[in-house]
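Observations on chain architecture
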Amino acid sequence: EKRIKFSPGYEPSHRPWMTFIQIRKGQSKYKCGGSIINNYWILSAGHCFCEHLKCKSTKKGKLRIDYNPQNHIRIITGLKDIDLVQADECNCQISKPVKIHIHPL
């Protein structure tokens, strides 16, 4: 089994709460990380969802996404080798977010 080592002695399998978030815009793919915090929520950085895809401000000044996340975002858990997800051959769970909340600044 092929594994990526990020630093000496570290293997991703030791961090089961980590997720790989893949953002697609047209033919381009971007990536971010996330942390599973319970059965329903994954915590990630807000720029992951607004840097390459469109977000807009609400009347109250909060930021919200202006796209359907299921069309652009995949959340991959159980990933041990990032090369396998690029080839769609990973033994992992791939899901799509139902909703994304951007924390107010």
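Residues numbered from 1 in each chain as written. Predicted model: local features only at pLDDT ≥ 70, side-chain atom pairs only at ≥ 80, totals over all residues. Heavy atoms only, no water.

1. Here we look at the overall build of the chain
Each helix and strand in the chain was counted, giving 2 helices and 7 strands. In the chain, the order of α-helices and β-strands from amino to carboxyl end is β-β-β-α-β-β-β-α-β. Within the span of the chain, comprising 105 residues, buried residues form 28% of the whole. In the chain, once contacts between residues fewer than 6 apart in sequence are set aside, the share between residues at least 24 apart is 41%. When the accessible surface of the chain is split by element, carbon and sulfur atoms take 51% of a total near 7,700 Å². (Helix = DSSP H or I, 4+ residues; strand = E, 2+ residues; numbered from the N terminus. Buried < 20%, exposed > 50% of the residue type's maximum accessible area, 1.4 Å probe, protein only. Contact = heavy atoms within 4.5 Å. Areas by Shrake-Rupley, 256 points an atom, 1.4 Å probe, with all protein chains shown as cover.)

2. Re the sheet that holds strand S1 (residues 18–25)
Whenever strands of a sheet pair, they do so through backbone hydrogen bonds, lying parallel or antiparallel. Here we have 5 strands laid out as an open sheet, ordered S3-S2-S1-S6-S7, and antiparallel in their pairing. At either end of the open sheet lies a strand with only one pairing partner, and these are strand S3 (42–43) and strand S7 (93–95). Alignment of strand S6 (residues 73–77) against S7, held across 3 bridges, turns out to be antiparallel. Paired with Thr77 across the strands is Gln93, a residue of S7. (Pairing = 2+ DSSP bridges.)

3. Examining the state of the cysteines
According to the stated counting rule, one finds 2 disulfides in the structure shown. Between the sulfur of Cys32 and that of Cys48 lies a disulfide, 2.0 Å long from S to S. Here the S-S torsion is close to -95°, and the disulfide linking Cys32 with Cys48 is therefore left-handed. Remark: Cys48 occurs in helix H1 (residues 47–50) and Cys32 occurs in strand S2 (residues 28–36); sequence separation between them is 16 residues. According to the relative accessible area criterion, Cys32 is buried, its value standing at 15%. Exposure remark for Cys48: the relative accessible area of 5% places this residue in the buried category. Put simply, Cys50 and Cys55 are joined by a disulfide, and their sulfur atoms are 2.0 Å apart. Taking the torsion about the sulfur-sulfur bond, which here is approximately -80°, the covalent link between Cys50 and Cys55 counts as left-handed. (Disulfide = S-S within 2.5 Å.)

4. Regarding the nonpolar core
Among the nonpolar cores identified, the biggest contains 13 residues, and Ile21, Ile23, Phe49, Ile65, Tyr67, Ile73 and Ile100 are the most heavily contacted of them. For Phe49, the contacting residues outside a window of four places in its chain are Ile21, Ser44, Cys55, Ile65, Tyr67, Ile73, Ile100 and Ile102. (Core = buried A, V, L, I, M, F, W, Y, C linked by side-chain atoms within 4.5 Å.)

5. Some remarks on the pairing of S2
Two strands pair when backbone bridges link them, and S1 and S2 are joined in this way by 8 bridges, in the antiparallel orientation. Across the sheet, residue Thr19 finds its bridge partner in S2, namely Gly34. Taking the residues that link successive antiparallel strands as the turn, the S1-S2 hairpin has 2 residues, and the phi of Gly26 there is positive, at about 65°. In terms of strand pairing, S2 meets S3 through 2 bridges, oriented antiparallel. Bridge assignment links Ser35 to a residue of S3, and that residue is Leu43.

6. Describing the pairing of S1
Taken together, the 5 bridges between S1 and S6 define a ladder with antiparallel strand orientation. Across the sheet, residue Thr19 finds its bridge partner in S6, namely Thr77.

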